[in-house]
Amino acid sequence: MFSEYDVIVVGAGHAGCEAAAAAANMGSKTLLITMNMQTIGQMSCNPAMGGIAKGQIVREIDALGGYSGIISDKSAIQFRMLNRSKGPAMWSPRTQNDRIRFAEEWRLALEQTTNLDFWQEMVSSLIVEENVIKGVRTQMGIEIRAKAVVLTNGTFLNGIIHIGEKQFGGGRVGEKAATGLTEQLLGFGFEAGRMKTGTPPRIDGRSLNYALMEEQFGDEQPGKFSFLEESPILTKQRSCHITYTNASVHDILKTGFEKSPMFSGRIQGIGPRYCPSIEDKVVRFEERERHQIFVEPEGWNTVEVYVNGFSTSLPEDVQYRALAKIPGFEKAKMFRPGYAIEYDYFPPTQLKQTLETKIIKNLFFAGQINGTTGYEEAGAQGLMAGINAHLNVKELPEFVLGRADAYIGVLIDDLINKGTEEPYRMFTSRAEYRILLRQDNADLRLTPMGYKIGLASEERMEKVKKKQAAMDEIKKFYSTQTAAIDELNALLEAYQSSLIQQRTKIDFILARPDISIEAMRKYIPALDQFHQKHSAEEIESAEILLKYSGYIDRERELVDKMNRLEGIKIHPNFDFGNVNSLSSEAREKLKKIRPTSLGQASRISGISPSDISVLLVYLGR
Amino acid sequence: MGNPNDTIAAIATPNGVGAIGIIRVSGPEALPLVNPLFPAKDLSKVPSHTLHFGPLKYQDVLLDEVLLSVFKAPHSYTGEHSVEISCHGSPYILQKVMECLIAQGIRPAEAGEFTMRAFLNGKLDLSQAEAVADLIVSETSAAHQAALHQMRGGFANKIRDLRTQLLNFTSLIELELDFAEEDVEFAHRPHLVALLEEIAGEVQQLIASFRLGNVIKSGVKIVLAGRPNAGKSTLLNALLNEERAIVSPIAGTTRDAIEDTLIMEGIRFRFIDTAGIRDAEDSLESIGIARTHEKLREAQIIVYLYDVNTLTEEELLSDMATMPQDKEIILVANKMDAINTATLPKREGHLYIAAKNGDNIELLKSTLIQRLHLNARPGDDTIITNIRHFHALQRIMEAIHNIKSGMHSGLSSDLLVIDIRRALHEMGEISGEISSDEILGNIFSKFCIGK
């Protein structure tokens, strides 16, 4: 019934969809297997994409030729650039999305992708011959052969849902869990663990009193994720609302603690410290009188709202009574309660930098199966796994991003070297070179790489070349042109900046923190004329480079310094067991992870600087 | 560097004839490879840290009667099995013993190899290893103390402690940045300012101590300046107690800067005699005068000497005008034995001596020591003697300066963090919490063989 595929992707969430699209677009004959074709591209948790660090990842996925950016733009109901008041490294795009449109756009995009087939069924086991993946076996006993398999099982592997004292198997509320795969993988020698995540109740928006909440609008001039023209810019937007919990909310929550699956120990999995449930917050931050709640609309037309900040697995009646004490929620009606879900994951230290498993050749893991949380983190891994599955099948060199290349590089490097004890979420602070990994330059950083491996389109590459040329032109103009004293002083006066005495190069003025290109254009007609031909994106990127060059240069210096360790390669056959001077913990870790460079070794948890010095001595002299 | 699993040996005492000479052997096979040469005992059975007297023989030929110190792993300098052979200190015997050890399959050590093994076996951290290198070349007791202090880890500990505090604070700022959407504030800015001040204070002191540290390591340069025939050469001889400079009554005899050293209170003073300050008519001497001005600029302390009986107030003022402004100057009035107290009032703050008789020379010496300590930290405190540390500390100061001015101008904290991270990086390289190939290269290249 099936001929052999190049790549099979198991699971059609954010990771699976990106993996399937990437492999197919690069030319692999690809099959996407999902338990339910109606739930492709689900937003299982909040109806939003991006945010701090995550928005940068969506831009990176887009720059490489992935779909998440375009899908998010097409289904957006609100756009905000977070942290505009901070430095450019912190600017983070975020959209609120129409949950149903988002899934629909994913399905449409995948259906239009050539080389991609679909099959709806549960995969019950893998076909492995001599530690090489050969395909999958489905619940109905169908064998489908493939040269590579990408597993993106999300929260479905032995998923158990908890609400108060009730518990039942499932991968999401109303959907079956997947069984059998974990057990088979354990048999191959994989280690597995349990993780936990949660989601808040969904509420009937008609029952809320928004007058008691603070309205949060989208940006007046909304941007978007994708660097391509294909996705639209929003012309109308929906607002979110902000409200707060209070002492009486907390008191009611406390009455449910003895029935809480978290506190009673029924949940064994480790939850995300960074995205704690409301009961967790009440216990851990006892001194705080209130916690912030974001009320997020689920779409353009639906009345359903998502209560961000109120993730919980307390009994449904406790959830209901506590919610009613929140200003604006007095008469709230619940569509469904929040719940916690426990699922299997495989510690990602069992993976190579390509996300291929070390134990089984051509088997790749991506998404929550690796212990991460978040759509963006999942999408990024899916993309990289899909790319490398294709490259492996075609026997082409692997594609790996470094920590100074992309957040995606930071993400995967962290996962495979440090592993994770709790659901891993991206933060800007995880990146050493934050100022280099900005949302505005994701295309400059990554599109040439995506183009080279055959994923990013010609159109993308042309846009990048044009942007680069425009930026070079702008930089040159600013560093050579002067402006008349009276023009500049009118500007400086308006912005209460100190005046100048003589004709001054305009980049000098732009370096002042309170002066922007936009402001300068208003006062210097020649400058305004010069910028007519440039797009907003080109001007933004050039402005960042001009204004923050000192910081960018300093960060680059540090990259160069650190890269010297990256440049010291460790031979694949190097026997760490022979280096008696290493601590025994370091020896074990190094033998397990098998780092390919000294830089990578230095990031493995449990490897101390003195271990690195020892290796330096061994390798270097 | 050679295979770290070899057993190595080197002569550990300086070249030349001495009462005893020591050969150090270290490595996994140290005991079984040395034992055949020392039939008196079974070294595998003797306890660690014991001494054994007996003949050292090679193929039944007696080489010497020696004392063997046995250290068993991991309780030795290198952390490996070690034997130290104390024999009679003739170069011939030492060489002969080395040859026999090599014949046993022991490899001659490379420079720094013992210390590198100590480092590899976790006996020393990098800054301690660095201190060992300094210790070996230390010539005075103060240099010895400074290096010993660093070897015990005092310096690295201090930086490590400050770095940890800054790191903790940075984590709070980072947390704040990553949770900017939620109404949280973790990092209290006045605390950061206070912490920066504390670090700046410590780093500044360490930088200042480099002056003293450098003095301790390389000696302090003291330049004798003054008009021709003020008695500079005589004073130098008095200080050094030997006829070194050319002493003559003809003004301008000293044409070259003469250098000699004197160790006082453990500190090496390098005295530099100069040609006189004078507008020379004779061109040969004018070369000497150019050199004098160059020397003055390099001096740490200038001793300005004048003939108390002949120098006028105007001449004194004009000479002072030619001195570098930022230097410590000690004004010394010479020839006080011939002074006519009736006509010449005593100048306040000037030191009166008679170089020819040695009068008040001891007072001058103690003044020199006193002036040296004025800007330096006393006693047991940490002293920076290493130029690598000095440069790193300067870069830390620069980063802290950037952070402070950034905070002052309301810079966003993500940009502040760039400089904080730089400071952390530099501090980490000093304390050994960040390793880099540069440091290793620096340290192990400084060694001599036998350490």
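Computed from a predicted structure; not experimentally measured.

Q: How would you summarise the overall build of chain A if you had to cite specific residues and measurements?
A: Within chain A one finds 21 helices and 22 strands. Computed over the C-alpha atoms, the radius of gyration of chain A is 26 Å, within 12% of the 25 Å expected from 2.2 N^0.38 for a compact globule of 621 residues. When contacts within chain A are restricted to residue pairs at least 6 apart in sequence, those whose partners lie at least 24 apart make up 73%.

Q: Explain the pairing of strand β17 (residues 304-308) of chain A residue by residue, including any values.
A: Residues and elements named next belong to chain A. Among the five residues that make up β17, four are buried, leaving the element largely enclosed by the rest of the structure. When strand β13 (residues 202-204) meets β17, the two strands line up antiparallel, connected through three bridges. Looking at the pairing, Arg202 lines up with Tyr306 of β17. With four bridges joining them, strand β16 (residues 292-297) and β17 adopt antiparallel strand pairing. Bridge assignment links Pro297 to a residue of β17, and that residue is Val305. Between β16 and β17, which pair antiparallel in sequence order, lie six residues.

Q: An account of the domain arrangement of chain A is requested, with residue identities and associated values reported.
A: All names here are of chain A. In terms of domain boundaries, chain A breaks down into domain 1 (5-200 + 343-452), domain 2 (203-338), domain 3 (458-554) and domain 4 (567-620). Relative placement of domain 1 and domain 4: their C-alpha centres are 30 Å apart. Between domain 1 and domain 4, the residue contacts involve five residues of the former and six residues of the latter. Taken together, the residues that form the side of domain 1 that touches domain 4 break down as no nonpolar, three polar and two charged.

Q: I'd like to hear about helix α8 (residues 232-240) of chain B, residue by residue, with values.
A: Along α8(B), eight of the nine residues are buried, which leaves the element largely enclosed by surrounding structure. Where α8(B) is concerned, the buried positions are Lys232(B), Ser233(B), Thr234(B), Leu235(B), Leu236(B), Asn237(B), Ala238(B) and Leu239(B).

Q: Give me the lowdown on the pairing of strand β4 (residues 61-71) of chain B, citing residues and values where you can.
A: All names here are of chain B. As judged from the nine bridges shared by strand β3 (residues 50-58) and β4, these two strands associate in the antiparallel manner. Bridging across to β4, Tyr58 finds its partner in Val61. Counted along the chain from β3 to the antiparallel partner β4, the turn is two residues long, and its residue Gln59 has a positive phi close to 45 degrees.

Q: So, the nonpolar core: which residues are in play, and what are the values?
A: Residue and element names in this part refer to chain A. Within the largest apolar cluster, 139 residues are counted, with the highest numbers of intra-cluster contacts made by Ile8, Val149 and Val150. Among the elements that take part in this core, helix α9 (residues 375-393) stands out by supplying ten residues, more than any other. Every residue in contact with Val150, bar those within four places of it in the chain, is listed here: Val7, Val9, Val10, Ala19, Phe364, Ala366, Ala385, Gly386 and Ala389.

Q: Describe unusual backbone geometry, with residues and values.
A: In this structure, the amide linkage connecting Ala73(B) to the following residue, Pro74(B), adopts the cis form with an omega of 0 degrees. Position of Pro74(B) among the secondary structure elements: in the loop between β4 and β5 (82-88). Here the phi dihedral of Asn115(A) falls at roughly 70 degrees; this positive angle occurs in a residue that is not glycine. As for its position among the elements, Asn115(A) is in the loop between α4 (99-111) and β6 (116-120). A count of 18 C-beta atoms within 10 Å places Asn115(A) in the partly exposed class. Notably, Asn158(A) is not glycine yet its phi reads approximately 50 degrees, a positive angle. With respect to the element layout, Asn158(A) can be found in the loop between β9 (143-151) and β10 (160-163).

Q: Lay out the sheet that holds strand β11 (residues 166-169) of chain A with the relevant residues and their values.
A: Residues and elements named next belong to chain A. Within the open sheet, the four strands sit side by side as β11-β10-β19-β12. Their pairing is antiparallel. At either margin of the open sheet sits one strand with a lone partner, and together these are β11 and β12 (193-199). Strand-to-strand, the axes of this sheet are offset by a mean angle of 25 degrees, without reference to chain direction. Summarising the sheet, β10 and β11 pair through four bridges and their orientation is antiparallel. Looking at the pairing, Ile163 lines up with Lys166 of β11.

Q: Could you give an account of helix α3 (residues 113-120) of chain B, with specific residues and numbers?
A: Residues and elements named next belong to chain B. Most of α3 sits out of view: eight of its eight residues are buried. Of the residues making up α3, those classed as buried are Glu113, Phe114, Thr115, Met116, Arg117, Ala118, Phe119 and Leu120. Just downstream of α3, Gly122 is the residue with a positive phi angle, here 75 degrees.

Q: Lay out the sheet that holds β4(B) in plain terms, naming residues and giving numbers.
A: All names here are of chain B. The sheet built from six strands is open, its strands ordered β3-β4-β5-β2-β1-β6 with mixed pairing. With one partner strand each, in any of the chains shown, β3 and β6 (107-108) form the two edges of the open sheet. Relative to β5, strand β2 (residues 20-26) is paired through seven bridges, and the arrangement is antiparallel. Within the sheet, the bridge partner assigned to Ser26 lies in β5 and is Ser82.

Q: Could you give an account of the packing of helix α1 (residues 14-26) of chain A against α9(A), naming the residues involved and the relevant values?
A: Residue and element names in this part refer to chain A. Where α1 contacts α9, the axes come no closer than 7 Å and their chain directions differ by 30 degrees. For the element pair α1 / α9, the angle class is roughly parallel. The two elements α1 and α9 cross, and the hand of that crossing is right-handed. On α9, the residues that touch His14, Ala15, Gly16, Cys17, Glu18, Ala19, Ala20, Ala21, Ala22, Ala23 and Met26 of α1 are Tyr375, Ala378, Gly379, Gln381, Gly382, Leu383, Ala385, Gly386, Ile387, Ala389 and His390. Partitioned by chemical class, the residues of the contact of α1 with α9 number 14 nonpolar, seven polar and one charged.

Cut-offs and rules
Throughout, a residue's number is its position along its own chain's written sequence, starting from 1. Lettering for chains starts from A, numbering for ligands starts from 1, and both go in the order in which the items are written. With pLDDT at 70 or above as the cut-off, local features in this predicted model cover only qualifying residues; side-chain atom pairs require 80 or more to be listed or tallied, and sums for whole chains, interfaces and linings still use all residues. The way it works is that DSSP assigns letters per residue, a run of H or I at least four long becomes a helix, a run of E at least two long becomes a strand, and they are numbered from the N terminus. Each radius of gyration reported is based on C-alpha atoms, and the globular scaling rule is 2.2 Å times the count of residues to the power 0.38. The contact rule is simple: place each C-beta atom from the backbone, and if two of them lie within 7 Å, those residues are in contact. The burial label depends on the number of other C-beta atoms within 10 Å of a residue's C-beta. Counts of 20 or more mean buried, 12 or fewer mean exposed, and intermediate counts mean partly exposed, with C-beta atoms placed from the backbone. Between any two strands, at least two bridges found by DSSP are needed for them to pair. Note that the domain bounds reflect an automated or database-derived domain assignment. In this count, Pro and Cys sit with the nonpolar residues alongside Ala, Val, Leu, Ile, Met, Phe, Trp and Tyr, while Asp, Glu, Lys and Arg are called charged and the others, Gly among them, polar. Working definition: the nonpolar core is a set of buried Ala, Val, Leu, Ile, Met, Phe, Trp, Tyr and Cys residues, joined through C-beta atoms within 7 Å. Lines fitted to C-alpha atoms define the axes here, with helix axes fitted over just the stretch in contact, and angles between the N-to-C directions of these axes take values from 0 to 180 degrees. Each angle is binned into one of four classes, with values under 35 degrees roughly parallel, values over 145 roughly antiparallel, values of 65 to 115 roughly perpendicular, and all other values oblique. By convention, the crossing between two helices is left-handed when the near helix turns anticlockwise from the far helix through less than a right angle, and right-handed when the turn is clockwise.

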